[in-house]
Amino acid sequence: MQTHAIKKLLNGQVDTGESVEIKGWIRTTRDSKGGFSFLVVHDGSCFDGIQVVANNELPNYADILKLFTGCSVIIQGELVESGGKGQSVEIHAQSVEVVGWVENPDTYPVQPKRHTMEFLREVAHLRPRTNTFSAMLRVRNTMAQAVHQYFSQNGYFWLHTPIITASDCEGAGDLFRVSTLDMMNLPKDDKGNIDYSQDFFGKEAYLTVSGQLNAETYACALSKVYTFGPTFRAENSHTQRHLAEFWMIEPEVAFADLNDAAQLGEDFLKFVVKQVLANNMDDMKFFNSFVDKTAIQRLETLCDDSFERVNYADALDILKHSGEQFEYPVEWGLDLQTEHERFLTEKHFKKPTVVMNYPEEIKPFYMRMNDDGKTVAAMDVLVPGIGEIMGGAQREERLDYLLNRMEQHGLDENEYKWYTDLRRYGTVPHAGFGAGFERLVSYVTGLSNVRDVIPFPRTPGTAKF
RNA sequence: UCCCCGGUAGCUCAGCUGGUAGAGCGGGUGACUGUUAAUCACUAGGUCGGCGGUUCAAGCCCGUCCCGGGGAGCCA
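Conventions used here
- Residues numbered from 1 in each chain as written.
- Chains lettered and ligands numbered in written order.
- Predicted model: local features only at pLDDT ≥ 70, side-chain atom pairs only at ≥ 80, totals over all residues.
- Heavy atoms only, no water.
- Helix = DSSP H or I, 4+ residues; strand = E, 2+ residues; numbered from the N terminus.
- Buried < 20%, exposed > 50% of the residue type's maximum accessible area, 1.4 Å probe, protein only.
- Contact = heavy atoms within 4.5 Å.
- Areas by Shrake-Rupley, 256 points an atom, 1.4 Å probe, with all protein chains shown as cover.
- Lys, Arg positive; Asp, Glu negative; His and termini not counted.
- Charge placed at Lys NZ, Arg CZ, Asp CG, Glu CD.
- Pairing = 2+ DSSP bridges.
- Near = heavy atom within 4 Å.
- Polar contact = N/O pair within 3.5 Å; in protein donor to acceptor, adjacent residues only side chain to side chain.
- Nonpolar A, V, L, I, M, F, W, Y, C, P; charged D, E, K, R; others polar.
- Axes fitted to C-alpha atoms, helices over the stretch in contact; angles between N-to-C directions.
- Parallel < 35°, antiparallel > 145°, perpendicular 65-115°, else oblique.
- Left-handed = near helix turned anticlockwise from the far one by under 90°.
- Salt bridge = Lys/Arg side-chain N within 4 Å of Asp/Glu carboxyl O.
- Expected span 1.5 Å × (residues − 1).
- Patch = residues over 30% accessible without salt bridge, like charges linked within 9 Å, V, L, I, M, F, W, Y side chains within 5 Å.
- pLDDT = per-residue confidence, 0-100.

Enquirer: Explain the overall build of chain A to me, using residue names and the numbers behind them.
Expert: If you tally the helices and strands in chain A, you get 13 helices and 17 strands. In terms of principal-axis extent, the alpha carbons of chain A reach across some 85 × 60 × 45 Å. Taking all 465 residues of chain A together, the buried fraction comes to 51%. Partitioning the contacts of chain A with sequence separation of at least 6, the portion at a separation of at least 24 is 66%. Accessible surface for chain A amounts to roughly 22,400 Å². Of this, 48% is attributable to carbon and sulfur atoms. A gap of 4 Å separates the mean positions of the 46 positive and 66 negative side-chain charges of chain A.

Enquirer: Give a description of the sheet that holds strand β8 (residues 164–165) that names residues and reports values.
Expert: On the basis of which strands lie adjacent, the open sheet formed by three strands has the order β8-β10-β9 and antiparallel pairing. Two strands close off the open sheet at either side, each with one partner strand: β8 and β9 (177–178). As defined by bridge partners, β9 adjoins strand β10 (residues 205–207) across two bridges and the pair is classed as antiparallel. By the bridge assignment, V178 is partnered in β10 with A205.

Enquirer: Describe the protein's contact with RNA strand B, and please don't skip the residues or the numbers.
Expert: By nearness alone, 49 residues border RNA strand B, and K33, K85, K113, Q337 and R439 come closest of all. For RNA strand B, the fraction of protein-proximal atoms (within 4 Å) that sit in sugar or phosphate groups is 51%. A distance of 2.8 Å is found between a phosphate oxygen of RNA strand B and a side-chain nitrogen or oxygen belonging to T116. Those elements giving two or more residues to the surface near RNA strand B turn out to be β2 (19–32), β4 (50–55), β6 (89–100), α3 (117–122), β12 (245–254), β16 (387–395) and β17 (430–436). The dominant element in the surface near RNA strand B, judged by the number of residues it contributes, is β16, at four residues. Here the surface near RNA strand B is composed, by residue class, of 10 nonpolar, 24 polar and 15 charged.

Enquirer: Can you break down the packing of helix α4 (residues 131–153) against helix α7 (residues 281–290) residue by residue, with the values?
Expert: At a minimum axis separation of 9 Å, α4 and α7 run at an interaxial angle of 130°. As the angle between them shows, α4 and α7 are arranged oblique. Taken as a pair, α4 and α7 cross one another with a handedness that is left-handed. Between α4, through N131, T132, A135, M136, R138 and V139, and α7, the contact on the second element is made entirely by D283, M284, F286 and F287. Residue composition of the contact of α4 with α7, grouped by class: six nonpolar, two polar and two charged.

Enquirer: Summarise the side chain of R27; cite the residues concerned and give the values.
Expert: By the secondary structure assignment, R27 is in strand β2. Buried and unpaired, R27 has no salt bridge, with D48 as the nearest side chain of opposite charge at 8.4 Å. Here the side chain of R27 touches R129 through a polar contact of 3.1 Å, landing on its backbone oxygen. Ignoring anything within four residues of it in the chain, the contact list for R27 reads V40, H42, T69, P112, R129, T130 and N131.

Enquirer: Got a sec to walk through the sheet that holds β16? Specific residues and values, please.
Expert: Whether parallel or antiparallel, the strands of a sheet pair through hydrogen bonds between backbone atoms. In spatial order, the strands read β7-β11-β12-β17-β16-β15-β14-β13; together these eight strands make up an open sheet with mixed pairing. Taken across any chain shown, the strands that pair with only one partner, and hence form the sheet edges, are β7 (157–158) and β13 (308–311). With two bridges connecting them, β7 and strand β11 (residues 224–232) associate as parallel partners. Across the sheet, residue W158 finds its bridge partner in β11, namely Y226.

Enquirer: Give a description of α4 that names residues and reports values.
Expert: The terminal C-alpha atoms of α4, which comprises 23 residues, lie 32 Å apart, in line with the 33 Å expected from a rise of 1.5 Å per residue. After α4 finishes, the residue G155 shows a positive phi value of roughly 85°.

Enquirer: Can you lay out a nonpolar patch on the surface for me, pointing to particular residues and giving the numbers?
Expert: A surface patch of nonpolar side chains, about 390 Å² in accessible area, is lined by I163, I164, F200 and F201. By the element assignment, I164 lies in strand β8.

Enquirer: I'd like a description of the environment of T427, backed by residues and values.
Expert: Tracing the chain through its elements places T427 in the loop between α12 (417–424) and β17. A relative accessible area of 33% places T427 in the partly exposed class. With 207 residues separating them along the chain, T427 and C220 place their C-alpha atoms 7.6 Å apart. Those residues within four positions of T427 in sequence are excluded, and the remaining contacts are E397 and L422. There is a polar contact of 2.8 Å between the side chain of T427 and the backbone oxygen of E397.

Enquirer: So, the pairing of β11: which residues are in play, and what are the values?
Expert: Look at any regular strand and the pattern is simple: side chains alternate between the two faces of the sheet. With respect to burial, β11 is a largely interior element, seven of its nine residues being buried. As paired elements, β11 and β12 share nine bridges and run antiparallel to each other. Within the sheet, the bridge partner assigned to V225 lies in β12 and is E252.

Enquirer: Go over the confidence of the model for chain A with me, naming the residues and quoting the values.
Expert: In the predicted model, chain A carries a mean pLDDT of 91, and 98% of its residues have values of at least 70. Ranking the elements of chain A by mean pLDDT puts helix α2 (residues 61–64) last with 86 and β7 first with 98. Quick note on the complex model: pTM equals 0.93, ipTM equals 0.87.

Shown next, in the form of structure tokens:
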């Protein structure tokens with residue numbers, strides 16, 4: 001007898017009348033005093049479970065009556081057309097083996113009822129057994145696969161950039177230190193400062209906040225590369241959009257400018273969304289019903305419509321003449337606030353919006369200076385409901401401009417020699433962006449908190465599980 | 001880091017101007033049923049986040065700390 005994923009049985013890939021075996025977990029049970037029980041069994045292969053009918057001729061029927069949400073079972077039986085409403089096929093059990101009981105049904109946290117997301121976060125090891133989190137992971141998986149599929153199909157190479165880094169490229173203050181020094185007995189130098197030359201790497205080291213600078217090196221040789229891996233920020237942020245550990249996608253393309261990066265971001269996002277619509281409709285229907293009534297429509301619109309592109313300067317005009325009362329001022333040289341970004345994408349354009357060419361003083365050193373001398377070739381991709389979902393730029397490929405901007409930002413040229421070398425030896429215009437994977441998953445599923453689209457969220461004060 | 005809201009049964013919550021606790025769901029038992037968020041009856045289950053204070057009396061008022069959530073900033 002062959003073991004089947006429940007997905008195959010429900011899809012009609014196995015004929016009725018065949019003997020089948022399934023392995024999974026009980027979701028609900030309903031006992032009939034007519035001498036049989038209905039068991040709904042899930043194995044995670046798809047959104048739905050399959051109904052199993054077990055009757056009192058089974059030798060362990062007394063045990064079956066005690067089955068409870070969460071018990072693990074192996075069931076053998078015949079796949080038949082269902083005699084009841086609500087499902088096309090079901091299994092008439094010839095054997096029900098209970099593999100694992102639920103120790104105390106009274107305290108098993110995942111009850112067949114609605115829970116708050118806050119409570120489920122506290123039982124993150126058991127929340128995958130809920131509809132919401134199993135659907136989330138299937139969608140997340142589709143999206144992760146789609147990321148690699150998209151880049152692979154378009155000639156990109158996947159580059160594994162380091163997790164541990166010694167260059168604090170985005171400025172200090174938000175980095176996790178990596179050290180093997182004995183914190184109770186720190187080595188000091190003459191001046192009484194901690195002597196990191198005695199540390200593992202012989203210098204200060206941190207968890208990466210971005211693989212971009214490393215990715216640029218390979219882009220300047222293999223033309224099109226991307227990274228997709230964990231990223232760490234020690235920011236003390238308490239919002240629905242921030243994690244201390246998250247996954248970031250960073251493509252980097254040689255011989256490309258800012259418009260190429262914007263187009264890439266749009267094509268990439270549409271591809272990933274289409275994959276979800278093509279492969280996870282059951283999961284999306286669930287999110288559409290119970291999480292966000294506009295989820296599916298939002299994704300379909302995204303695929304059909306082209307993204308709006310607007311210059312920072314023009315965005316300021318739109319905001320100034322909007323008639324909206326904003327809490328924060330709209331002025332040249334100030335970054336757009338969350339309220340401004342959301343107005344643009346949610347109320348004004350009502351679709352994904354790429355804001356381009358920001359004032360140079362509010363953007364990092366590596367972004368390319370525009371000909372106007374006051375803006376850099378930066379872009380933020382904004383989507384309704386989330387705000388910023390990607391941030392990118394054309395990189396400064398001209399050595400003198402780059403050194404100039406590094407000096408302005410107070411960066412030590414020697415620390416970045418390897419980076420500036422790219423401009424000394426065969427430099428090319430190149431561009432790329434960074435996309436927070438959890439923000440993408442949040443956008444797609446409608447789950448508004450990124451803590452609920454990653455299996456085990458890390459946030460300030462919380463690293464359980 | 002700043003501002004706001006919350007912490008009462010396994011879960012979701014109610015609890016009035018202070019008088020030492022309630023419901024629904026879930027669990028258990030029973031009735032009924034090709035059921036499917038089943039229905040009905042009965043039942044068990046609580047150091048009211050911690051500590052301190054006010055009071056004859058605190059879930060409720062005051063102080064403080066801890067935890068959770070939302071918003072801002074920072075960003076992806």
